[in-house]
Amino acid sequence: AEEEEKEEEAAEEAADRAGSHHTDTDVVIVLPNPGVAEEKAVTGLAQVLVQNLGGKEVLPRLYALLQEEQVTTASLQTCLIKDLMSALPRAGFRVKIFNSLDSTQLFLRIGLADEAAVQHYMAADQRRSQLAPELVAGLGVEQNPNEEASSPPWVTFSVALPQKLAKEGVKGVKANHVQGVYRTYHGTVPEGSIARGTDRVDMITAYLGKYLDMEAAVAAGAVEGWYPVHRRSRLQQLRFMWGKWSRGFDVNCRQPIHHLWHYYGSRVAFMFAWTGFYCKALTALLVPALVCLAIMIGTWTVDYEVDRALTILQLSFSAVIIVWARWAVNTWHQERNYFIKAWGLDGIPRARPQYKGALVPSPVNDRELEVQGSLAGAVVWRYVSLSVTLFFCAAVLFSIYMWFTLFQGRMDLVASLCLSINIKVFELIFRPVAVWCTNKENHMYDRDYANALIWKNFAFESINYYYPFIYLMVFAKYSAAGCPVVEGIGPDCVWALRRQLMGTVFFLVGCYRIGEVIFLYALGRWKLYYEAGGDSPRSFMEEQYHYTEWELRDQVEYMLQLVLSLGYVVLFGSVAPVVVVIIWAVFIMQLRGTAWFLTHACRRSFPVELPGVGAWRSCIELLLVAGVVVSALVLVIHGEAFEMSYLLTKITFTFLFIFVASVVWFALDHEAPQLDGATVLMERRRKYVLSVLKDLTQRGQVPSVKPAVAPAILKGNWGVIPRLDPTHPEWLQVDTEENRARNEPEKPLGAEHRYTADEMFKIVP
């Protein structure tokens with residue numbers, strides 16, 4: 001590792017000397033070279049520009065193009081480059097441009113290395129910054145710096161805070177230096193900066209998002225792409241700590257979550273924290289699953305009261321899964337809340353550049369204008385999206401019915417393969433449809449957009465992935481064809497379900513995901529080699545353009561596959577314990593494969609600060625409820641004890657099973673607090689530091705009043721204290737016309753009259 005690091009440092013120094021790698025670049029915009037680009041007519045220029053009152057001053061050439069009848073790609077690209085090259089430096093960003101290796105593209109490098117500009121955007125956007133650990137010691141608060149609970153609090157950034165602290169004589173604080181007050185980061189700027197790399201990227205994207213819709217610019221041909229720049233040293237560090245396949249043998253699934261947060265943002269960090277947590281949780285469930293599987297095989301081998309033994313075993317493992325699933329959800333909530341507190345996430349959403357509407361007075365300030373979309377239009381499109389999703393769900397139900405009819409007599413490996421292909425075909429068709437519907441709904445915030453996309457995909461894929469097995473478990477027994485015939489056993493829905501689960505999960509999640517990762521990596525390397533013309537040198541910054549993107553839609557797909565895989569455990573784990581083993585292997589493979597992919601062949605994703613995994617939490621809660629219902633139905637439909645029972649008995653047991661599970665969940669929720677001891681201690685320490693800081697900064701702001709007899713009291717002369725004189729004007733009620741008019745109500749009031757607040761103030765001023 002030391003040799004690789006030395007070689008990497010030497011390569012960075014050589015790249016710096018060649019001018020191909022610069023650490024002051026945060027975001028790169030790739031534009032076509034207007035001199036060699038093909039001339040085409042452009043439509044939808046108005047969609048590229050975000051409605052903003054200051055847009056004409058920032059991008060005057062682009063707004064001038066709106067007046068022309070026909071706009072070509074060359075004119076659009078030229079105006080965009082000129083506007084960005086003139087507007088960004090005025091806004092405090094460092095801008096440089098260089099040509100690609102084949103001179104077909106221009107790479108516009110944007111950086112935010114000026115600390116004064118960083119402080120301006122931190123204060124203007126009301127961003128939060130963490131206090132420096134040395135400031136806590138300077139305030140006279142002694143906390144063990146080696147404990148995670150001693151992490152300093154987060155506060156809204158203010159340039160005036162160092163001046164107030166320096167005036168109070170806090171040790172190590174200078175009046176015009178924020179480095180001693182706020183935590184500094186030395187990853188990119190040698191002298192240190194109060195902004196992390198993800199903060200600078202977010203400031204740049206926020207500024208560009210005020211005036212440009214980059215997705216629309218890519219669709220119009222003005223921009224070919226844009227991405228945050230990888231840091232060689234940080235990327236090499238992540239490869240060593242996180243992106244190695246050998247890390248898959250670590251049963252603790254340890255991950256550098258704080259490093260991921262600093263490098264990718266909280267959304268990606270929470271996704272991998274969730275994945276790593278459930279890898280450990282599935283490892284805990286692996287032991288009872290293997291025991292249950294061994295007992296099941298042994299019972300089937302000796303052929304002694306197989307049905308009764310399997311029913312008891314299924315009931316026992318259902319109870320284990322119910323307790324395990326709720327324990328895992330509650331424990332994850334504790335871990336999630338810890339990261340939210342540790343990272344200072346306030347959950348304030350940011351408006352999307354794609355949000356369309358009219359400029360109207362702001363509801364919080366009538367003097368300002370803001371974009372507000374049509375509420376009626378949003379409601380209509382959401383109903384349209386719901387209708388489209390239901391249509392695809394109905395199509396999936398019909399296709400599954402045809403599959404079951406076709407393979408009714410032979411539920412073998414071919415049936416599993418055909419089912420897997422059917423599921424993937426519908427998934428690939430619905431994925432762009434869900435994105436199109438979500439775009440039409442015109443969501444204002446990134447958080448709402450992501451949650452809407454999550455719910456569409458989860459609702460459809462739940463039907464697509466789970467309904468074939470639910471049909472086998474619940475409905476096949478009462479159909480005209482009955483349960484499928486299993487070789488050596490006869491008609492048996494449960495054994496057919498076990499075989500189909502093993503084959504389908506293996507094809508769907510195992511082979512497909514491994515093949516997808518290998519294909520994407522090979523595709524990126526082939527594009528890089530082919531477009532570079534063989535072994536021609538290409539800068540690392542330009543090389544990243546040929547990497548694969550991994551933005552919101554890919555992240556939703558990543559989490560969707562894992563949540564659906566977890567659903568197999570919750571829904572069907574009690575019937576087929578082998579599913580737990582397969583899904584455990586899938587989680588490990590998905591975690592290590594995606595980590596390797598992100599650190600070797602993927603662009604750096606844009607950081608998004610979200611407090612948790614979003615709507616996936618509610619999706620998992622819904623799966624837990626469905627798992628309890630399905631487990632109860634399987635017991636009453638296929639259990640030997642209920643084979644000759646009345647319908648009322650089956651219904652009673654189903655409701656009793658659900659009730660007992662609810663009571664167990666209630667007890668687990670009550671015993672599992674939302675915050676663990678470390679998080680509570682961190683909150684207490686942070687509140688104490690903030691109280692000390694508040695007392696220090698607000699000292700001397702209240703004017704003092706000199707008491708009349710203070711010197712006499714200090715000398716012990718108690719006789720000078722005046723008596724209460726009943727004839728003093730302050731205590732004397734003078735019967736005058738003015739007082740009577742003030743104390744009496746305007747109208748004579750009856751005995752039953754209840755005084756209003758205004759009347760009471762008139763009577764008792």
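Keep in mind it's a predicted model, so treat the numbers as computed, not measured.

Criteria and thresholds
Residues numbered from 1 in each chain as written. Predicted model: local features only at pLDDT ≥ 70, side-chain atom pairs only at ≥ 80, totals over all residues. Heavy atoms only, no water. Helix = DSSP H or I, 4+ residues; strand = E, 2+ residues; numbered from the N terminus. Buried < 20%, exposed > 50% of the residue type's maximum accessible area, 1.4 Å probe, protein only. Contact = heavy atoms within 4.5 Å. Areas by Shrake-Rupley, 256 points an atom, 1.4 Å probe, with all protein chains shown as cover. Expected span 1.5 Å × (residues − 1). Polar contact = N/O pair within 3.5 Å; in protein donor to acceptor, adjacent residues only side chain to side chain. Phe/Tyr/Trp six-rings, centres within 6.5 Å; stacked < 30°, edge-to-face > 60°. Salt bridge = Lys/Arg side-chain N within 4 Å of Asp/Glu carboxyl O. Core = buried A, V, L, I, M, F, W, Y, C linked by side-chain atoms within 4.5 Å. Pairing = 2+ DSSP bridges. Axes fitted to C-alpha atoms, helices over the stretch in contact; angles between N-to-C directions. Patch = residues over 30% accessible without salt bridge, like charges linked within 9 Å, V, L, I, M, F, W, Y side chains within 5 Å. pLDDT = per-residue confidence, 0-100. Parallel < 35°, antiparallel > 145°, perpendicular 65-115°, else oblique. Left-handed = near helix turned anticlockwise from the far one by under 90°. Nonpolar A, V, L, I, M, F, W, Y, C, P; charged D, E, K, R; others polar.

### What about the overall build of the chain?
Inference 1: Each helix and strand in the chain was counted, giving 27 helices and 10 strands.
Inference 2: Among the 765 residues that make up the chain, the fraction classed as buried is 48%.
Inference 3: For the chain, restricting intrachain contacts to residue pairs at least 6 apart in sequence, the fraction spanning at least 24 positions comes to 76%.
Inference 4: Just so you have it, the chain exposes about 39000 Å², and 60% of that area is on carbon and sulfur atoms.

### Quick look at helix α15 (residues 375-406)
Inference 1: Along its 32 residues, α15 runs 47 Å from first to last C-alpha, staying within 8% of the 46 Å computed at 1.5 Å per residue.
Inference 2: Capping of α15 at its N-terminal end is provided by S374; its side-chain oxygen lies 3.2 Å from the backbone amide nitrogen of G377.

### Quick word on the packing of aromatic side chains
Inference 1: Tallied over the entire structure, the rule returns 37 aromatic pairs.
Inference 2: Taking the centre distance of 5.3 Å and the plane angle of 85 degrees together, the rings of Y466 and Y568 count as edge-to-face. A residue pair is termed long-range when its members are at least 10 positions apart, and Y466 in helix α17 (residues 446-475) and Y568 in helix α20 (residues 552-572) qualify at 102 residues.
Inference 3: You can call Y466 buried: its relative accessible area is 3%.

### Description of the pattern of salt bridges
For side chains of opposite charge, pairing can occur when their charged atoms come near one another.
Inference 1: Applying the stated criterion across every chain yields a total of 18 salt bridges.
Inference 2: Across the pair R200 and D26 runs a salt bridge whose closest N-O atoms are separated by 3.3 Å. One end of the pair, R200, is in helix α9 (residues 197-209); the other, D26, is in the loop between α1 (2-18) and β1 (27-32), and 174 residues separate them in sequence.
Inference 3: R200 sits in the buried class, given a relative accessible area of 4%.
Inference 4: A residue is classified by how much of its surface remains accessible, and D26, at 3% relative accessible area, is buried.

### Considering the nonpolar core
Inference 1: Of all hydrophobic cores here, the largest spans 131 residues; its most connected members are W274, Y278, Y568 and W616.
Inference 2: Among the elements that line this core, the one with the most residues is helix α13 (residues 266-302), at 17 residues.
Inference 3: Non-local contacts of Y568, meaning those with residues more than four positions away in its chain, are made with Y465, Y466, F469, L501, V505, L508, G573, V579 and I583.

### Things to note about the pairing of strand β6 (residues 225-228)
Inference 1: Burial of the side chains of β6 extends over both faces: G225 and Y227 are buried on one face and W226 and P228 on the other.
Inference 2: In terms of strand pairing, β1 meets β6 through four bridges, oriented antiparallel. Along β6, the bridge assignment pairs V30 with G225.

### Things to note about the sheet that holds β6
Sheets are built from strands paired through backbone hydrogen bonds, the pairs being either parallel or antiparallel.
Inference 1: Here four strands make up an open sheet; going across it, the order is β2-β3-β1-β6 and the pairing antiparallel. Bordering the open sheet on either side are β2 (94-99) and β6, each of which pairs with just one other strand. For this sheet the average axis-to-axis angle between neighbouring strands, irrespective of direction, equals 20 degrees.
Inference 2: Here β1 runs beside strand β3 (residues 105-111); their pairing, made up of six bridges, is antiparallel. Paired with P32 across the bridge in β3 is Q105.

### Quick notes on a nonpolar patch on the surface
Inference 1: On the surface, a nonpolar cluster with roughly 540 Å² of combined accessible area is contributed by L375, V379, Y383, L386 and L390.
Inference 2: By the element assignment, L375 lies in helix α15.

### Let's talk about the pairing of β1
Along any regular strand the residues' side chains alternate between the sheet's two faces.
Inference 1: Taking burial as the measure, the six residues of β1 include six buried ones, the bulk of the element.
Inference 2: Burial of the side chains of β1 extends over both faces: V27, I29 and L31 are buried on one face and V28, V30 and P32 on the other.

### Comments concerning the side chain of T679
Inference 1: Mapping T679 onto the fold places it in helix α24 (residues 677-697).
Inference 2: Residue T679 is classed as buried on the basis of its relative accessible area, which comes to 0%.
Inference 3: Engagement of the side chain of T679 in a polar contact is seen with the side chain of D676, the distance being 2.5 Å.
Inference 4: Ignoring sequence-local partners within four residues, the contact set of T679 consists of N337, Y338 and K341.

### Examining the confidence of the model for the chain
Inference 1: For the chain, per-residue confidence averages 81 on the pLDDT scale, and residues scoring 70 or more make up 83% of the total.
Inference 2: Long-range and interchain partners of residues 4-22, a stretch whose pLDDT sits below 50, account for 15 contacts in this model, where long-range means more than four residues apart.

### Considerations on unusual backbone geometry
Inference 1: Notably, S103 is not glycine yet its phi reads approximately 60 degrees, a positive angle.
Inference 2: Positive phi is not limited to glycine here, since N442 has a value of about 60 degrees.
Inference 3: If you trace the backbone, N442 turns up in the loop between α16 (413-440) and α17.

### Things to note about the environment of K650
Inference 1: Mapped onto the secondary structure, K650 falls in helix α23 (residues 647-671).
Inference 2: Apart from residues no more than four positions distant in its own chain, K650 is found in contact with Y478, V636, F642 and S645.

### With respect to the packing of α16 against α20
Inference 1: The contact between α16 and α20 brings their axes to 12 Å, and the two run at 135 degrees. It follows that α16 is oblique to α20 by the angle criterion. The crossing of α16 and α20 is right-handed. Along its contact with α16, which presents K424, E427, R431, V435 and N439, the element α20 presents R553, E557 and Q561.
Inference 2: In terms of residue class, the contact of α16 with α20 is built from one nonpolar, two polar and five charged.

### Points about the packing of α17 against α20
Inference 1: Here α17 crosses α20 at 35 degrees, and the two axes come no closer than 10 Å. α20 is crossed by α17, and the crossing has right-handed handedness.
Inference 2: Of the residues in the contact of α17 with α20, the class split is 18 nonpolar, four polar and two charged.

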